[in-house]
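These are the residues of each chain, in order.
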Amino acid sequence: MSKPEHPAATPAEQPRRLRLVSDSDQPTASPEAPGTGTGPMLPPDPETERQALAQIASARAELPARDEAMFETFLGDLVRQVQPTSEADPTNILASLLAGTGVHLGGRPHIRVGDDRHPLLVWPMVIGRTGIGRKGAGWSAAKRLLTAADSGFVASNIHSGLTSGEGLTQAFADEDEGDGTEPGKGKPRPRALLPSGDRRLLAFEPEWASVMARMRREGNTLSATLRAAWEGGNLSTLGVTARIVRDAHVGILTHITPGEFHAKVSHSDMAGGTYNRFLPVFVAQTQFLPAGTGADPALIERLAVDLRARLDQGATLGQLGFSDEAAYLWRRLYVEFGGFSTEDGPIEQFLSRAAPNCLRVAGIHAALDGTPTIQPAHLVAAAAFIRYAVDSARAVFRQADPALAQLAAYIREAGPQGRTRTEITAGFFQGNARKTRIEALLDQLIADHTIAKTQRRPEGRKGGRATEIFIAYEHHELTNNAPDQGKP
């Protein structure tokens, strides 16, 4: 594994901004404010702005809706303060910070569920289209905060280049430990990758598709080793040069495009249990800052002082528990994220560890607040993030059939009136689709809670046969208490 290279920032460079693309859920920085990283407002360039707005709107239309409750924590506040000067999706920045801070906290703070010990490790899989996804921008914003808080950790404990299980365990070799060969024989002893005695490693993989391809090679042990790493504790490889690594604390942050994921992952990969350790986060660019230089260095330094203090304090905690109110809330979330499903498709495989991942995210929020007691606010924020991951998985898998997204948009355009089956068959499909095809698409959208099916009686009549109506889920939620809803 090798250290990822990133160009040095140039804070003195004065940026220029054409336009801050509106994102109603996020605050915006004043274009005239000094040190905001957005620079002075230039005269408008209508054609450039039109193209930028169209590209961003198209990319963000694919994303699931997000619940702003995920930002109601210390980390969420960090995101809100740096996001106005970044083109990155705020969910991307938050996911990157969760991965980095979870590793920095180390293996001491943990949550116990039954007989299982869960370290505060979260493995986000940031999914975005090339260019417009701005996956790297999210990591850059998070990395800048982490570097200001602890530059030594970023320099020594964040690396790239996962290749095999043996390679991962070798990353923990101390300089005086070697690789198992006798002095003077075989390969030279490798240079230590991590500080001596430090078992914290964040594997940042911006080209996860390449790692996926390696994992599928016959004899490669990386997938099995990663499953053990997610559990925390000891790692082992029993090959020619057998090795045991004790108390490993490994986080992973990956980047991939939707197309690469569909092309590389197979049903057997999903069923194997490696990918349900990851949390998919579908992202896209939010703003148009063609010459931005990021947040004000003074702001970064101020935020980093607080972040470092919280990381140091959180690392001293041990087992985390619940307040009474949080324990009650967790009962409901446990059912929501851990419910039994008769389905065995790729989405269900991907999301089968949503419940423990929710606990881990809540645990990170609690640890950064310096408390061994998880509070309701920590769980609410964690649940919002996990729901976004669940919806991201559904949205990404839906990309395999573009008609799903197109049909959902067609139904959404009708508002609370919805679309009848006849309108869908004749209007959307132009009468050129089989009934079984239409049924399959509608059933999938209903299962994903994208649309809802209801019935509507003819207006002005007491009797008459009800008409089946398909309504976008958000409109259905607002109207499903109407007197005639669901009545034949």
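Described in the following lines is the structure provided in the data block. Everything numeric here is computed off the predicted structure, so don't read it as measured data. (Residues numbered from 1 in each chain as written. Predicted model: local features only at pLDDT ≥ 70, side-chain atom pairs only at ≥ 80, totals over all residues. Heavy atoms only, no water.)

### A look at the overall build of the protein
When helices and strands are tallied, the protein shows 19 helices and 13 strands. When the 488 residues of the protein are sorted by exposure, 50% land in the buried category. For the protein, contacts bridging at least 24 residues in sequence account for 76% of all contacts bridging at least 6. Element-wise, carbon and sulfur atoms account for 50% of the exposed surface of the protein, whose accessible area totals about 22500 Å². (Helix = DSSP H or I, 4+ residues; strand = E, 2+ residues; numbered from the N terminus. Buried < 20%, exposed > 50% of the residue type's maximum accessible area, 1.4 Å probe, protein only. Contact = heavy atoms within 4.5 Å. Areas by Shrake-Rupley, 256 points an atom, 1.4 Å probe, with all protein chains shown as cover.)

### Considerations on helix 14 (residues 354–368)
With 15 residues, helix 14 extends 21 Å between its outermost C-alpha atoms, agreeing within 8% with the 21 Å of an ideal straight helix rising 1.5 Å per residue. Along helix 14, 15 of the 15 residues are buried, which leaves the element largely enclosed by surrounding structure. Positive backbone phi, approximately 70°, marks Gly370, located one or two places after helix 14. (Expected span 1.5 Å × (residues − 1).)

### Focus: the pattern of salt bridges
What the rule picks out here adds up to 18 salt bridges. A salt bridge links Arg80 to Glu72; its shortest N-O distance comes to 3.0 Å. The shortest N-O distance in the salt bridge between Glu231 and Arg277 comes to 3.3 Å. You can see Glu231 sitting in helix 8 (residues 222–231) and its partner Arg277 sitting in the loop between helix 10 (267–271) and strand 8 (278–282), a full 46 residues away along the chain. The exposure class of Arg277 is buried, given its relative accessible area of 7%. A network of salt bridges, in which partner residues are shared, links Arg60, Arg66, Glu68 and Asp89. (Salt bridge = Lys/Arg side-chain N within 4 Å of Asp/Glu carboxyl O.)

### Observations concerning the pairing of strand 3 (residues 123–127)
Within strand 3, 5 of the 5 residues are buried, leaving the element largely enclosed by the surrounding structure. Both faces of strand 3 are covered, namely the face carrying Trp123, Met125 and Ile127 and the face carrying Pro124 and Val126. The pairing of strand 3 with strand 8 spans 5 bridges and is classified as parallel. In the strand pairing of strand 8, Pro124 is matched with Leu279. Two strands pair when backbone bridges link them, and strand 3 and strand 7 (residues 243–256) are joined in this way by 3 bridges, in the parallel orientation. Bridge pairing in strand 7 links Ile127 to Ile256. (Pairing = 2+ DSSP bridges.)

### Quick word on the nonpolar core
Among the nonpolar cores identified, the biggest contains 113 residues, and Leu75, Leu97, Phe172, Trp208, Ile252, Phe385 and Ile386 are the most heavily contacted of them. The element contributing the most residues to this core is helix 15 (residues 376–398), with 13 residues. By size, the runner-up hydrophobic cluster in this structure holds 14 residues, among which are Ala408, Phe429, Leu441 and Phe470. (Core = buried A, V, L, I, M, F, W, Y, C linked by side-chain atoms within 4.5 Å.)

### Some remarks on empty space enclosed by the protein
Considering all chains together, one arrives at 2 cavities of 30 Å³ or more under this definition. Estimated volume of the largest cavity: approximately 40 Å³. Along the walls of the largest cavity sit Ala59, Glu62, Leu63, Gly128, Arg129, Ile132, Gly133, Phe282, Val283 and Ala284, which together make up its complete lining. Residue composition of the lining of the largest cavity, by class: 6 nonpolar, 2 polar and 2 charged. (1 Å grid on protein atoms, 1.4 Å probe; cavity = no way out; pocket = protein on both sides within 12 Å on 5 of 7 lines; lining within 4 Å. Points joined across faces, edges and corners; volume = space filled by probe spheres on them. Nonpolar A, V, L, I, M, F, W, Y, C, P; charged D, E, K, R; others polar.)

### Some details on the packing of aromatic side chains
Summed over the entire model, instances satisfying the criterion amount to 7 aromatic pairs. For the ring pair Phe322 and Trp330, a centre distance of 6.3 Å and an interplane angle of 15° mean the geometry is stacked. With relative accessibility at 31%, the residue Phe322 sits in the partly exposed group. Relative accessible area serves as the criterion here: at 12%, Trp330 is assigned to the buried category. With centroids separated by 5.4 Å and ring planes inclined at 45°, the aromatic side chains of Tyr410 and Phe428 adopt a geometry described as tilted. With Tyr410 in helix 16 (residues 402–413) and Phe428 in helix 17 (residues 421–428), this residue pair connects regions lying 18 residues apart in the sequence. Given the relative accessible area of 16%, Tyr410 is considered buried. Residue Phe428 is classed as partly exposed on the basis of its relative accessible area of 22%. Among the aromatic residues, those joined into a ring-pair cluster are Trp123, Trp208 and Phe278. Cation over ring: Arg310 sits above Phe74, and NZ or CZ is 4.1 Å from the ring centre. (Phe/Tyr/Trp six-rings, centres within 6.5 Å; stacked < 30°, edge-to-face > 60°. Lys NZ or Arg CZ within 6 Å of the ring centre and 35° of its normal.)

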